[in-house]
Amino acid sequence: MRIIRNVVQMHTLARRWQKAGRKVGFVPTMGYLHEGHASLMSQARKRVGTHGIVVVSIFVNPTQFAPTDDLTKYPRDLPGDTRLCRSRGVNVIFAPTDDSMYPKTGAGFSTFVEELQVSQGMEGSSRPTHFRGVTTVVAKLFNIVLPTVAVFGAKDFQQAAVIKKMVADLNFPVEILVSETVREPDGLAMSSRNSYLSPSGRRQASALHEAIESAKATVAGGKALNPESLANKLKQRIETQPDAQVDYIAFFDANTLRPAKRVKKGVHMALAVRVEKTRLIDNDQL
Ligand code: PAF
């Protein structure tokens, strides 16, 4: 397994693979890797086969953090990440430096990619500049790594939708796979941010998954419900946890991401909840 920190070197290698007709499976990450990421790596390997190449990028992308988010506190562990990637048969880790991705000297950096439809609402409302940072860095990474297929986690459902739309709109020659959320035994979706939680916060964090399960049970009987009243009920239930505060609970169509007029079986639910100081998200189809 190789670790590449230089954009030009990565691009040169990717062009060589492309010329040789080798398939490249790509897993973009911000590091601090866990079993959720490992399952994305397995999907990539499955898709490109044993003769293909699996590349994992590790880059804590500054442009997707708001000035108020603590970018410097984002967890990092390159030695641990390297061990996990090696154990999962990854061929190349691409871990570029901030300056090679966003040069501050010379001409600097002044071009952004922005999706204006599915990026609205939910995460887009709560974190206004977030998706612009995501699409910009993912577009850059696609141009550097030249993947045949890229794998994203379903936990970040809106992110996957935004990336699919960017790829369709801008004709990126890459297939996007969205891989199922990997969960802890109590249902909490795996996330690098879970490491911020205290033991008490960690217990309270299962409230997100419980809220989704409760909504599923509510619509299972075939009833169609008013979205605001169901969201309020679930919010109250989640906020019985002393350190949990709901940011949003949304019900929408999984393809268009347009809000659902009535909540019934098949509608998609997403929520964001601050537990202690950590903002957690989850989603599923009801
Ligand atoms: O999901 C993530 O970890 C990031 O948003 C991504 C896609 C790697 C872009 O920085």
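Keep in mind that what you see is a predicted model, and the values were worked out from it rather than measured.

A. Quick look at the site of the ligand. Every residue close to the ligand is listed here: P28, T29, M30, N61, Q64, V134, V137, F152 and Q159. Q64 is positioned with one of its side-chain polar atoms (N or O) 2.6 Å from an oxygen atom of the ligand. Take Q159: an N or O atom from its side chain is 2.7 Å from an oxygen atom of the ligand. When the free accessible area of the ligand is taken as 290 Å², the share hidden by the protein chains comes to 88%. Classifying every residue of the shell around the ligand gives five nonpolar, four polar and no charged.

B. Geometry of the packing of aromatic side chains. Evaluated as defined, the whole model comprises eight aromatic pairs. Ring plane angle 90 degrees and centroid distance 4.8 Å describe the contact between Y102 and F109, whose orientation is recorded as edge-to-face. Residue classification places Y102 among the buried residues on the basis of a relative accessible area of 9%. Between F109 and F112, the aromatic rings sit 5.5 Å apart at their centres with planes inclined by 85 degrees, giving edge-to-face as the arrangement. Looking at F109, the relative accessible area reads 28%, which means it is partly exposed. Under the relative-accessibility criterion, F112 is labelled partly exposed at 33%. Grouping aromatic residues by their ring pairs yields a cluster made of F26, F142, F152 and F172.

So, how was this worked out
Residues numbered from 1 in each chain as written. Predicted model: local features only at pLDDT ≥ 70, side-chain atom pairs only at ≥ 80, totals over all residues. Heavy atoms only, no water. Near = heavy atom within 4 Å. Polar contact = N/O pair within 3.5 Å; in protein donor to acceptor, adjacent residues only side chain to side chain. Areas by Shrake-Rupley, 256 points an atom, 1.4 Å probe, with all protein chains shown as cover. Nonpolar A, V, L, I, M, F, W, Y, C, P; charged D, E, K, R; others polar. Phe/Tyr/Trp six-rings, centres within 6.5 Å; stacked < 30°, edge-to-face > 60°. Buried < 20%, exposed > 50% of the residue type's maximum accessible area, 1.4 Å probe, protein only.

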